[in-house]
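# Inside the fold
So you can see what is in the structure, the chains are spelled out below.
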Amino acid sequence: MIATKDSIQPHSSDALPNSKRVYLAGQQYPDVRVPMREIEVSPTKSFSGRIEVNEPVRVYDCSGPWGDPAFQGTLRRGAAGIASRVDFEAWRRGGV
């Protein structure tokens, strides 16, 4: 079987139940937002029968820009933005 284009293209992560995409601001570059997935966790019932509420858990969201419902770009357009950063150019030349 030959894979279709739709089967390998990135898709939105809207299908992940009980979670939402959130962003944390970077420390060195506050304008850089790190994507995280905040996952709602079910309450826990203890042995005594008491219900304990659990806080949401945040994990790194590695779905890339396609995980952002507002993203309307292409891979080439996104890569150009990264390559234009000053610190990336210094790293590429071996200066960082």
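Bear in mind the structure is a predicted one, so any value in this text is a computation, not a measurement. Every chain is numbered independently, its residues counted from 1 as its sequence is written. Only residues with pLDDT of at least 70 get local features here, since the model is predicted, and only at 80 or more are side-chain atom pairs given and counted; chain-wide, interface and lining totals rely on the full set of residues. By convention in this description, side-chain values take in all heavy atoms of the structure and omit both hydrogens and water.

## Points about the side chain of Glu38
The condition is simple: Helix and strand assignments follow DSSP, with helices taken as H or I runs no shorter than four residues and strands as E runs no shorter than two, numbered in order from the N terminus. Each residue's exposure class comes from its accessible area (1.4 Å probe, protein chains only) as a fraction of the maximum for that residue type: buried when under 20%, exposed when over 50%, partly exposed otherwise. Contacts are residue-level and defined by heavy atoms, with any inter-residue pair within 4.5 Å sufficient.
Mapped onto the secondary structure, Glu38 falls in strand S2 (residues 33–39). We classify Glu38 as buried; its relative accessible area is 12%. The contacts of Glu38, once residues within four sequence positions are left out, are Asn18, Ser19, Lys20, Val22, Pro56, Val57 and Arg58.

## A few points about the packing of aromatic side chains
What counts is decided by this rule: Only the six-membered ring of Trp is used, alongside the rings of Phe and Tyr, when aromatic pairs are assigned; centres must lie within 6.5 Å, and planes under 30 degrees apart are stacked while those over 60 apart are edge-to-face, with the rest tilted. Consider the ring centre and the ring normal. A charge sits over the ring if Lys NZ or Arg CZ is within 6 Å of that centre and within 35 degrees of that normal.
Considering all chains together, one arrives at zero aromatic pairs under this definition. Directly above the ring of Tyr23 sits Arg33, whose terminal nitrogen or CZ lies 3.8 Å from the centroid.

## Looking at the sheet that holds strand S1 (residues 19–25)
Under the convention used in this document: Pairing between strands requires that DSSP locate at least two bridges from one strand to the other. Geometry is summarised by axes, namely lines fitted to C-alpha atoms with helices restricted to the contacting stretch, and by angles between N-to-C directions that run from 0 to 180 degrees.
Pairing is antiparallel across the open sheet formed by three strands, whose spatial order is S1-S2-S5. If you trace the sheet from one side to the other, it starts and ends with S1 and strand S5 (57–60), each paired once. When strand polarity is set aside, the average angle formed by the axes of neighbouring strands in this sheet is 40°.

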